[in-house]
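Survey of secondary and tertiary structure
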Amino acid sequence: MLIRTIFSGFGGQGVLSMGFTLANAAMFEGKYVTYLPSYGVEVRGGTANCTVVVSDEEIASPVASEPDFVVAMNQPSFARFQSILQSGGLLCANSSIVDTSGARRDIEVLNIPTSELAEKLGTIKVANMIMLGAFLRASDIISFDFVIKHLSEILGEGKSKLIKMNKEALDLGFNYVNE
């Protein structure tokens, strides 16, 4: 198994955090992982993306020129990264702000209204975790139950007060895809 994913959006949307969380969770689960962040000079409000490669064997390159999955949290990311997604790949889009009507016909698109769902939880700050929950359900890269059980270790000690809210957000995204 070698799975390449690009997480993308505006700086401040938690895009790098999504990728870092997936990378840490896969590592805790015993997989080989690379995490390659990239962001524009503006940071918050500018563009941000990261590439996460997860494998059962050592990884030769952290670059994903033809990713299996793309997560697009904004319209510019959708436009930029759908073109490099491999045929048959899955693009997860924040349908609250991304119009996917122009998507390629040879890819699968999963629309998740993450911004709207986050507002139901009381804060837009968890939109990234809602998307990550949906992505975990759709991709099946790692065990969702493992992520929930080990979330405090995956996120690190400094985020312990946010564990309950992040678990709720992950669960909301995961179950949204179930419906």
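Notes on the structure follow.

The rules behind each value
Residues numbered from 1 in each chain as written. Predicted model: local features only at pLDDT ≥ 70, side-chain atom pairs only at ≥ 80, totals over all residues. Heavy atoms only, no water. Axes fitted to C-alpha atoms, helices over the stretch in contact; angles between N-to-C directions. Helix = DSSP H or I, 4+ residues; strand = E, 2+ residues; numbered from the N terminus. Parallel < 35°, antiparallel > 145°, perpendicular 65-115°, else oblique. Left-handed = near helix turned anticlockwise from the far one by under 90°. Contact = heavy atoms within 4.5 Å. Buried < 20%, exposed > 50% of the residue type's maximum accessible area, 1.4 Å probe, protein only. Salt bridge = Lys/Arg side-chain N within 4 Å of Asp/Glu carboxyl O. 1 Å grid on protein atoms, 1.4 Å probe; cavity = no way out; pocket = protein on both sides within 12 Å on 5 of 7 lines; lining within 4 Å. Points joined across faces, edges and corners; volume = space filled by probe spheres on them. Nonpolar A, V, L, I, M, F, W, Y, C, P; charged D, E, K, R; others polar. Phe/Tyr/Trp six-rings, centres within 6.5 Å; stacked < 30°, edge-to-face > 60°.

Regarding the packing of helix H4 (residues 127–139) against helix H7 (residues 163–178)
Running from amino to carboxyl end, H4 crosses H7 at an angle of 45°, the nearest separation of the two axes being 7 Å. If you check the angle between H4 and H7, you find them oblique. Viewed along their axes, H4 and H7 form a crossing whose handedness is right-handed. In contact with Met129, Ile130, Leu132, Gly133, Ala134 and Arg137 of H4, H7 contributes Asn166, Ala169, Leu170, Leu172, Gly173, Phe174, Val177 and Asn178.

Details of the environment of Leu36
Among the structural elements, Leu36 can be located in strand E2 (residues 32–39). Residue Leu36 is classed as partly exposed on the basis of its relative accessible area, which comes to 37%. Here the alpha-carbon distance between Leu36 and Ser101, two residues 65 residues apart in the chain, equals 29 Å. Apart from the residues within four sequence positions on either side, Leu36 is in contact with Asn49, Cys50, Thr51 and Pro62.

A few points about the pattern of salt bridges
Within the structure shown, the criterion is met by four salt bridges. Residue Asp106 pairs with Arg104 through a salt bridge whose shortest N-O separation is 2.9 Å. Judged by its relative accessible area of 23%, Arg104 is partly exposed. Across the salt bridge formed by Glu168 and Lys164, the nearest N and O atoms sit 3.4 Å from each other. Here Lys164 and Glu168 lie together in helix H7, a separation of four residues that amounts to about one turn. Taking the relative accessible area as the measure of exposure, Lys164 reaches 62% and is therefore exposed.

Quick notes on the layout of surface pockets
When its volume is computed, the largest pocket comes out at roughly 640 Å³. Residue lining of the largest pocket: 24 residues in total, with Gly12, Gly14, Ser17, Lys125 and Asn128 positioned closest to the centre. Of all the secondary structure elements, the ones that give two or more residues to the lining of the largest pocket are helix H1 (15–28), H4, helix H6 (151–155) and H7. Considering only residue class, the lining of the largest pocket consists of eleven nonpolar, ten polar and three charged.

Considerations on the packing of aromatic side chains
For the coordinates displayed, the defined rule picks out four aromatic pairs. Ring plane angle 85° and centroid distance 5.4 Å describe the contact between Phe69 and Phe135, whose orientation is recorded as edge-to-face. Of this pair, Phe69 sits in strand E4 (residues 69–72) while Phe135 is found in helix H4, placing the two residues 66 residues apart along the sequence. Between Phe144 and Phe174, the ring centres sit 3.9 Å apart and the planes meet at 15°, which makes this aromatic pair stacked. Residue Phe144 is located in helix H5 (residues 144–149), and its partner Phe174 is located in helix H7; the two are separated by 30 residues in the primary sequence. Here Phe144 matches Phe174 in class, with each residue buried. Of the aromatic side chains, those joined through ring pairs into one cluster are Phe7, Phe69 and Phe135.

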